[in-house]
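# Secondary and tertiary structure notes
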Amino acid sequence: MHFRPRYTGLIERYRDRLPIHDDTRIISLGEGNTPLIRLSNIPRVIGKEVDIYVKYEGLNPTGSFKDRGMTMAVTKAVEAGSRAIICASTGNTSAAAAAYAARAGITAFVLIPEGKIAMGKLAQAMMHGSIVLQIRGNFDAGMQLVKDVAEQAPVTIVNSINPFRLQGQKTAAFEIVEELGRAPDYHCLPVGNAGNITAHWIGYCEYSSASGDHVTAACSYCNGHCAYAGGAVVGNRPKMIGYQAAGSAPFMRGAMVDNPETVATAIRIGHPQSWEQAWKVKEESGGWFDECSDEEILAAQKLLAEKEGVFCEPASATSLAGALRDVKNGKIPEGSSIVCTLTGHGLKDPDTAIQQSGGNVHTIDASLDAVRKAILDGMA
Ligand code: AN7
C-alpha cells in the first residue's frame, strides 16, 4: 500500500509562508486543498474558446472560503491568550468562527442581521455553540458595533480586518498557481468586504515575487504579516476582477451604500472594510469591478448546477455570472485562462435554491405504473 501523509490543513502546508512559530498550537479542521474544476460544458454553451476553472471553496470544512482565514485568526487568537472571539457576519464568517472556536475550546460571539442570513449558516452558528446576537440592523451596523465593543471588552475580532484572516486566505492563490503551473490570466471573485480579493492578490504577488519564500519586509497590504517583499515580479499575475451584486455595489458607485439589498445575502454589504486595498488591487493588477443583477446571479448559479454538477450559493455565482458576461462581450478575450472563485456551498442556502430551481418535482402514486410513466415523460 502506498503511504500518503494525512492532509492537516493549510497552515501546516504553507507554514513557511505564514506568520506561525514552531511551537504554535494550530487550530485546524483540514481546510484548504479545494478542487480546481475545469468547466467542460458551459464554454460550449456560450460558444467561446476559454479555459474556465472554478475554485470550489464550498468544499472547505464549514462550506466556505472563510475557513482559510479562520484557521489563522483563531490560531493566532489562542496563541495570544484570547478566550473569546467576535465577528459581525452575513453568515459564513459566523459559521466558520463558531466551528473554529468550538475546536479551540473558546467562546464565539456572532452578530448577524436578523432574518437576512441563509438557514444553513444560522444552523451552523447554533450547532457549534456560538452565542448568536441577531441585530435589528444590517451587516454594516453589526461591523461598527463589533469594532466599538472590542475596544472595551476582552474579545478578538475575527472579521477580515484581522490581518491574519487575509494571510490564511492568500493560500487559495498558492494552490491555484501550483495546480496550473502559472497564475491564470483573469481571477474573478464576488466582492463584499473585499477581503478575499485583497488576500488573493497578496498570494499571487508573494508567489510571483523574485525574492523567494522567506522575506519579512512589510508588504503594503498587511503591515508585515506576509512574506511579500514587493520586489521584482518573475511569475505572471492575473488581472483581478471583482463582481458585486447590483443592489450592493459600492465599488461601482464609488461610494458607500447605506441600504444594500440583494438575493445574495452573503454579499449584502454596503460599507466594505477593505475599501482602499481593493482599489489598489484593481489598479496594480489591471483588473476591474462590475456588477451583476440578482437575476444574472441566480441564472449563473442554476447554469453551473445544471450543466456542470457544481452547486454554489448565490453570492458565489456572482463571479461566474460576471465572467461569462465579460467573455461574451469580449472584455475577456478568447484564449484566456480564467479562475472563478466559488466562495460558498449551495447547501448553505436551500431556501433560495428550492425557490429558483423551477421545481421539476412530481408527486406520484407509489406504483410501478406511475414511475414508469414518469420515466417515459421525463425522457420525451
Ligand atoms: C459566499 O460572512 O462577509 O469580499 O460576514 O460569504 O471577502 O467580504 C461573507 C462574505 C463572497 C465576500 N462570497 O467576500 C460574512 C461575509 C461569500 C461570502 C463573500 C462572502 P469578501
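None of these values were measured; they are calculated from a predicted model. (Residues numbered from 1 in each chain as written. Predicted model: local features only at pLDDT ≥ 70, side-chain atom pairs only at ≥ 80, totals over all residues. Heavy atoms only, no water.)

Below, the discussion takes up the overall build of the protein. For the protein, the helix and strand inventory stands at 15 helices and ten strands. Taken over C-alpha atoms, the radius of gyration comes to 21 Å for the protein, in line with the 21 Å a tight globule of 380 residues would show. Taken along its principal axes, the extent of the C-alpha atoms in the protein is 70 × 60 × 45 Å. A total of 380 residues make up the protein; the buried ones form 55% of that total. Restricting the contact set of the protein to residue pairs at least 6 apart, pairs at least 24 apart contribute 71%. Summed over all atoms, the accessible surface of the protein reaches about 16,300 Å², with 52% contributed by carbon and sulfur. Once the 36 positive and 40 negative side-chain charges of the protein are each reduced to a mean point, those two points are 2 Å apart. (Helix = DSSP H or I, 4+ residues; strand = E, 2+ residues; numbered from the N terminus. Rg over C-alpha atoms; globule rule 2.2 N^0.38 Å. Buried < 20%, exposed > 50% of the residue type's maximum accessible area, 1.4 Å probe, protein only. Contact = heavy atoms within 4.5 Å. Areas by Shrake-Rupley, 256 points an atom, 1.4 Å probe, with all protein chains shown as cover. Lys, Arg positive; Asp, Glu negative; His and termini not counted. Charge placed at Lys NZ, Arg CZ, Asp CG, Glu CD.)

To continue, consider the pattern of salt bridges. Taken as a whole, this structure holds 20 salt bridges when the rule is applied. Across the pair E206 and R17 runs a salt bridge whose closest N-O atoms are separated by 3.9 Å. You can see E206 sitting in helix α9 (residues 195-208) and its partner R17 sitting in the loop between α1 (10-13) and β1 (36-38), a full 189 residues away along the chain. The class for E206 is buried, based on a relative accessible area of 2%. Salt bridges linked by common partners bring K55, E57, R68 and E175 together as one network. (Salt bridge = Lys/Arg side-chain N within 4 Å of Asp/Glu carboxyl O.)

Examined against the element boundaries, C188 turns out to sit in strand β7 (residues 186-190). Separated by 145 residues in sequence, C188 and P333 have C-alpha atoms that sit 14 Å apart. In this structure C188 touches I241, Y243, S319, A323, I338, V339, C340 and T341, once residues within four positions along its chain are discounted.

What follows deals with the sheet that holds β1. What the six strands build is an open sheet, ordered β1-β2-β10-β7-β8-β9; its pairing is mixed. In this open sheet, the two edge strands, each paired with only one partner strand, are β1 and β9 (288-292). Geometrically, the sheet is characterised by an average inter-axis angle of 25° between neighbouring strands, direction not taken into account. Direction of pairing for strand β2 (residues 51-56) relative to strand β10 (residues 337-342): parallel, over a ladder of six bridges. When the sheet's bridge partners are listed, D51 is paired in β10 with S337. (Pairing = 2+ DSSP bridges. Axes fitted to C-alpha atoms, helices over the stretch in contact; angles between N-to-C directions.)

The next thing to look at is unusual backbone geometry. Here the phi dihedral of N33 falls at roughly 60°; this positive angle occurs in a residue that is not glycine. Assignment of secondary structure puts N33 in the loop between α1 and β1. N33 sits in the partly exposed class, given a relative accessible area of 40%. One non-glycine residue, A194, lies in positive phi territory at about 70°. Residue placement: A194 occurs in the loop between β7 and α9.

Next up on the list: the nonpolar core. Core analysis: the biggest nonpolar cluster contains 33 residues, and L304, I332, I338 and C340 have the highest contact counts within it. It is helix α13 (residues 314-328) that provides the largest number of residues to this core, a total of seven residues. Counting 20 residues, the second largest nonpolar core, distinct from the first, contains L36, I176, A183 and V191. (Core = buried A, V, L, I, M, F, W, Y, C linked by side-chain atoms within 4.5 Å.)

Right, let's get into the site of the ligand. As a matter of local geometry, the ligand sits amid 24 residues, with N92, T93, N193, A194 and T343 nearest to it. A distance of 2.7 Å separates a nitrogen atom of the ligand from a polar side-chain atom of T343. Contact with the protein chains removes 99% of the 480 Å² of surface that the ligand exposes when unbound. Of all the secondary-structure elements, those providing two or more residues to the shell around the ligand are α4 (92-104), α9 and α13. (Near = heavy atom within 4 Å. Polar contact = N/O pair within 3.5 Å; in protein donor to acceptor, adjacent residues only side chain to side chain.)

Let us now look at the packing of aromatic side chains. According to the stated counting rule, one finds eight aromatic pairs in the structure shown. Here Y14 and F174 contribute two aromatic rings whose centre-to-centre distance is 5.1 Å and whose plane-to-plane angle is 65°, an arrangement assigned as edge-to-face. Of this pair, Y14 sits in the loop between α1 and β1 while F174 sits in helix α8 (residues 171-180); the two residues are 160 residues apart in sequence, bridging distant segments of the chain. Across the pair, exposure class does not vary: Y14 and F174 are buried alike. Both rings, one in W275 and one in W279, keep their centres 5.6 Å apart while their planes meet at 85°; by these two values the pair is edge-to-face. With W275 and W279 both in helix α11 (residues 275-285) and four residues apart, the pair spans about one turn of that helix. Classification of W275 as buried rests on a relative accessible area of 16%. (Phe/Tyr/Trp six-rings, centres within 6.5 Å; stacked < 30°, edge-to-face > 60°.)

Its place among the elements puts V110 in strand β4 (residues 107-113). For V110 and S316, which are 206 residues apart along the polypeptide, the C-alpha to C-alpha distance reads 22 Å. Not counting chain neighbours up to four residues away, the residues in contact with V110 comprise C87, S94, A125, S130, I131, V132 and L133.

Across the protein, the average pLDDT comes to 93, with 93% of residues at 70 or higher. Low pLDDT (under 50) marks residues 212-218, which in the prediction has twelve contacts with non-local residues, meaning those over four places away or in another chain. (pLDDT = per-residue confidence, 0-100.)

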